[in-house]
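# Survey of secondary and tertiary structure
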Amino acid sequence: MNYDWIIGLKSELFTTLIIVVLLLIKLGKGMRNGSLLQITQLLLLVNLALAFGWNGNGYLFGNMFQASQLFGFEKAILIAGVYLLILVNHQWLEKQEHLPEFLVLMLSALLGMQTMISSGNFLMLYLSLELATIPVAAMANFDLDKKRSSEAAMKMILSSALSSGILLMGISLLYGATGTISFEALPQALKADNGLHLLSLVMIFAAFAFKLSAVPFHLWTADVYEGSPMPVTAFLSVVSKGAVAFVLTSTFYRAFQPMFETWYQLLAIIGLITIIIGNLFAIRQDNIKRMLAFSSIAQVGFVLIGISANSPAGLASVIYFVLIYVFSNIAAFGVAAVIAAQTGSEQISDYKGLYANNKLLTWIMALALFSLAGIPPTAGFFGKFFLLTAGAVRADFWLVIIAALNMMVSLYYYLRVVRNMFNTETAQPTIAIPVTVKLGLYLCVAGILITGIAGWIYDYIAMLNR
Amino acid sequence: MNLLYILGIPLLTALLLLVMRSPDWIRRTALYGALLQLGMVVWLFIAYQQQRTMGYAMAAFFEQNYAWFSVWNIHFHIGVDGMSIAMMLLTAFVVLAGVLVSWNVQRMVKEYYFLLLLLSFGAYGFFMSQDLLLLFFFLEIAVIPKYLLIAVWGSGNKNYSANKLALMLMGGSALIFVGILGIFYATPADQRSFDILQLANQQLGPGSQKIIYPLLFGGFGVFSALFPFHTWVPDGHSSAPTAGSMFLAGISMKLGGYGCLKVATLLLPEGAKVYADLVIALSAIAILYGAFATLIQKDLKYMNAYSSISHCGFVLLGIGMLTKTAFNGAVLQMVSHGLMTALFFAVIGMIYERTHTRTIAEMGGLLKVMPFAVTALFIAGLASLGLPGLSGFVAEMTVFVGGWEHQDIYHRAATVIACMSIVVTAVYILRAIGQVAMGPIKENFASLQDVAWYEKMAAVVLIAGMLAMGLAPQWLNELIQPSTQFIMDKLAAK
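Scope of this entry: the structure provided in the associated data block. Computed from a predicted model, the values in this text were never measured in an experiment. (Residues numbered from 1 in each chain as written. Chains lettered and ligands numbered in written order. Predicted model: local features only at pLDDT ≥ 70, side-chain atom pairs only at ≥ 80, totals over all residues. Heavy atoms only, no water.)

### Comments concerning the interface of chain A and chain B
- At the junction of the two partners, chain A supplies 42 residues and chain B supplies 34 residues.
- Three residues, Phe-385, Phe-397 and Arg-419 of chain A, lead the burial of chain A against chain B; their summed loss comes to 16% of the area buried on that side.
- For the pair chain A and chain B, the interface holds zero salt bridges.
- Linking chain A to chain B there are seven residue pairs in polar contact (both at pLDDT 80 or more).
- Listed by contribution, the elements that provide at least two residues to the side of chain A that touches chain B are helix H15 (312–343), helix H16 (359–373), helix H17 (379–391), helix H18 (397–421), helix H19 (435–453) and helix H20 (455–464) of chain A.
- Sorting elements by how many residues they give to the side of chain A that touches chain B places H18 of chain A first, with twelve residues.
- Among the residues forming the side of chain A that touches chain B, the class breakdown is 33 nonpolar, six polar and three charged. (Contact = heavy atoms within 4.5 Å. Buried area = accessible area lost by both parts, 1.4 Å probe. Salt bridge = Lys/Arg side-chain N within 4 Å of Asp/Glu carboxyl O. Polar contact = N/O pair within 3.5 Å; in protein donor to acceptor, adjacent residues only side chain to side chain. Helix = DSSP H or I, 4+ residues; strand = E, 2+ residues; numbered from the N terminus. Nonpolar A, V, L, I, M, F, W, Y, C, P; charged D, E, K, R; others polar.)

Rendered as structure tokens:
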């Protein structure tokens, strides 16, 4: 008997196991929320550790599913993201009446992302994408007493249904034109100058752009982010985005490789517009969630430019950037969640004078924002540096100049938060940080500080990619 | 001599401050750290001189090279030459004076000193970097301290100034970043590197140099108040707390000048030749415009900030002249202006501390109540207008001689224009100091105390540096000779 499939599927199997355990607990006597969260955290850590051992390369289910060390690492980033999310949003989660359901929904979405990364076929990709999206819409509705939360869920489900439709249309066209939807067979069948192939490429990219909220498919983002509960917003903007960015690289670098002359321009231009629009809208926001939503749109633009490099260095830079982005953004969302739990406010103008009595929170937030803005010694500096370095491979100077100058624009709105926090005219009362949240924030800060300066992490990712 | 010590001391001191509670201990630790650092840099200087007298002549001494991001061929590569040692000496002097002058900061002492030391860490790292990514890393590391120092401890329209400074410097960094990428991708694929010495030995094609040079020079120029990117200087300097202004003008602006010379001109000599005339024109404008703008200032800090634009113009003018003497003059001017302007800002801070005004017209007769502070102001002013015996004369004279070495009318006209600014400088310096020091004393100032010991120490440190440079310029000149010669060799090579 051959057990290789277990090794290939270990991460997915373990996530399923966690889901089953949670469902069983729910069926049984139930459990205090605190213990439930501890068990989930522990199991997620085991899953994370599993990603670094017993790695197999190969195909399963007739090339539907592909396992490799690189994919394993990408999944590990997502699992780490979910783990950190649960830590920093401990306060909100603990208060939930339907916590097991929430965790099951979140882990189902994670499972969908994991299989999505490993998919070797557009059908598998579509299935996983749905699994990764629909539970999130249910999660967005979790603040049952808030109207905005339902509104967010509605907007999310409608826009993702539309994007799924576009994706399916693209896949059908692709199948009709080439007779295959397997990533392995497509490169031989695709031609760069075939109109039908181009149309399907554009449709599939549009669907991804929806999920990544790249311009012009970004309009749903801000409302959904604002309406959803904080953990869901963080999940959407960190884990979800990261997963789709990974899948975008693996489809475009493999299946659509023959058409790269077309898509690299598409990615670069859309990426640039996304950066500009995201930044311009972020400047005007006063709600921290909306601000982070638009800033995450701008960050996606940088990722698209990195992907447009179409090189191993581009892929490594994208993965490295997403890893850093997970740490920085979860730290920012975590601090915002702690503040919102205490003061009930999500307005940036209410952060005035935070520093007086909350030194730790302020410094963590400042570090996270500086990392998002790309200022050393935080890791964000290195992330952006390598994304743009990879993206500049064809010496499109105008592209890099505009992208780099946009870092100046983004600095403006990040600094606005920092300036408010360090304002000395008013003083906020002390905000208590629960131990679990503190642990999560410390882990994020360690990530922000170490991932950048430790060059071996980047080298490791590049090595996996070889 | 291990350069990692020089990099480590400010960082360790800064981190040590974080675990301390008593403000008194924090001040002392910062002071000991700054003193130790000055000692280390002097030791480095002596060790360097010994190596040179033994006949070594490398492009970088005390090198250390570790692989960092091996995929991109990026190394943690540090090393120093004469020019960087000169700049590090300047940094050490200004940091020591800045730490002393901030002795009576009361609000958030720990954070204040932490940010000051972090800023100096960035400067030391910048001056010893031999790899472009590392250099860029250290250049940008100081953005946070600069911003927070102004936004939290500043005065006046501080939020506006802090934002303006951070955003403009970030914009400059963006240009530098693109320039670095340009250099990286303009080299053949198998020789791509970020290593400065390696890049200096393999010349890029003139076409790419022509595109990349304005990016790099413009980017570093923003830091060094290149016209028309100088607008952050007056606001930033006048809003910053005393030590913040000293660090900004004394250290931070020098990063720009050093980068223009050591990165832009060294790596892109052909580009430098193409744009030399434009650089000269812009810096002549900055010199004259800065001087005239200073004339109408009513606030002492604004006055010194505008005069900094004028004086930093000499640095860029020297670089644009592309002769060895002018290069020497540019480096000398960086050191001289760094010391002089730091002293100026320190004394303005001392006076403001007591009079609570910086408006020149409201002061008068202060020489009677605070003889020490006003004498220091005199010395700074005289150095600023180029009195022989002080540092300013040596530096500006060298730039003029370097400019005059060119035979053609354009360079000579620019030199003459730059010379003219000295007259204007004399007008505003003497007028301002006359108003502040002489005349009848105002009633409300009659009972003011002279400066305290730490302020005296700060002034003495800086004046000592200025005298050492003004009376015996030879040692500094010899220190930087090999570095400027190295750049000249690249310029001469075809």
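Alright, that's what it looks like, and here's the rest.
### Quick notes on the packing of H15 of chain A against H16 of chain A
Residue and element names in this part refer to chain A.
- One can describe the packing of H15 onto H16 by two numbers: an axis separation of 9 Å at closest approach and a directional angle of 145°. Both H15 and H16 take part in a crossing whose hand is left-handed. Listed contacts from H16 to Ile-324, Tyr-325, Ser-328, Asn-329, Ala-331, Ala-332, Val-335, Val-338 and Ile-339 of H15 are Leu-361, Ile-364, Met-365, Ala-368, Ser-371 and Leu-372.
- Split into classes, the residues belonging to the contact of H15 with H16 amount to twelve nonpolar, three polar and no charged. (Axes fitted to C-alpha atoms, helices over the stretch in contact; angles between N-to-C directions. Left-handed = near helix turned anticlockwise from the far one by under 90°.)

### What to know about the pattern of salt bridges
All names here are of chain A.
- Taken as a whole and judged by the stated rule, the model has 16 salt bridges over all chains.
- Between Lys-26 and Glu-101 there is a salt bridge, and its shortest N-O distance comes to 3.3 Å. Taken as a pair, Lys-26 in helix H2 (residues 10–27) and Glu-101 in helix H6 (residues 99–118) lie far apart in primary sequence, 75 residues in all.
- Residues joined by salt bridges that share partners form a network here, namely Arg-148, Glu-151, Lys-155, Asp-223, Glu-226 and Arg-290.

### Describing the packing of aromatic side chains
- Inspection of the entire model under this criterion finds 63 aromatic pairs over all chains.
- Where Trp-68 of chain B meets Phe-137 of chain B, the ring centres are 6.2 Å apart and the plane angle is 90°; that geometry is what we call edge-to-face. Of this pair, Trp-68 of chain B sits in strand E1 (residues 61–69) while Phe-137 of chain B sits in helix H5 (residues 132–141), and the two are 69 residues apart along the sequence. Per residue, the accessibility class of Trp-68 of chain B equals that of Phe-137 of chain B, and both read buried.
- Relative to Phe-138 of chain B, the ring of Phe-121 of chain B lies with its centre 5.5 Å away and its plane at 80°, an arrangement referred to as edge-to-face. Highlighted residues: Phe-121 of chain B in helix H4 (residues 109–128) and Phe-138 of chain B in helix H5, separated in sequence by 17 residues. The exposure classification of Phe-121 of chain B matches that of Phe-138 of chain B, with both residues buried.
- The ring of Tyr-355 of chain A has Lys-359 of chain A lying over it, and the distance from NZ or CZ to the ring centre is 5.0 Å. (Phe/Tyr/Trp six-rings, centres within 6.5 Å; stacked < 30°, edge-to-face > 60°. Buried < 20%, exposed > 50% of the residue type's maximum accessible area, 1.4 Å probe, protein only. Lys NZ or Arg CZ within 6 Å of the ring centre and 35° of its normal.)

### Examining the nonpolar core
- Grouped together as the largest cluster of nonpolar side chains are 391 residues, with contacts concentrated most on Phe-122, Phe-235 and Phe-256 of chain A together with Trp-72, Leu-216 and Leu-267 of chain B.
- Here the element with the most residues in this core is H15 of chain A; it accounts for 23 residues.
- Among residues more than four places away in sequence, those in contact with Phe-235 of chain A are Val-82, Leu-85, Met-106, Ala-109, Leu-110, Met-113, Val-136, Met-139 and Ser-240 of chain A.
- One finds Leu-317, Met-321, Val-399 and Ala-414 of chain B within the second-largest nonpolar core, a separate group that totals ten residues. (Core = buried A, V, L, I, M, F, W, Y, C linked by side-chain atoms within 4.5 Å.)

### Topic: the packing of H6 of chain A against helix H12 (residues 230–255) of chain A
All names here are of chain A.
- Where H6 meets H12, the closest approach of the two axes is 9 Å, and the angle between their N-to-C directions is 15°. Considered as vectors, H6 and H12 are oriented roughly parallel to each other. Crossing of H6 against H12: the hand is left-handed. Here Phe-102, Met-106, Ala-109, Leu-110, Met-113, Met-116 and Ile-117 of H6 lie close against H12, whose contacting residues are Pro-231, Val-232, Phe-235, Val-239, Ser-240, Ala-243, Val-244, Phe-246, Val-247 and Ser-250. (Parallel < 35°, antiparallel > 145°, perpendicular 65-115°, else oblique.)

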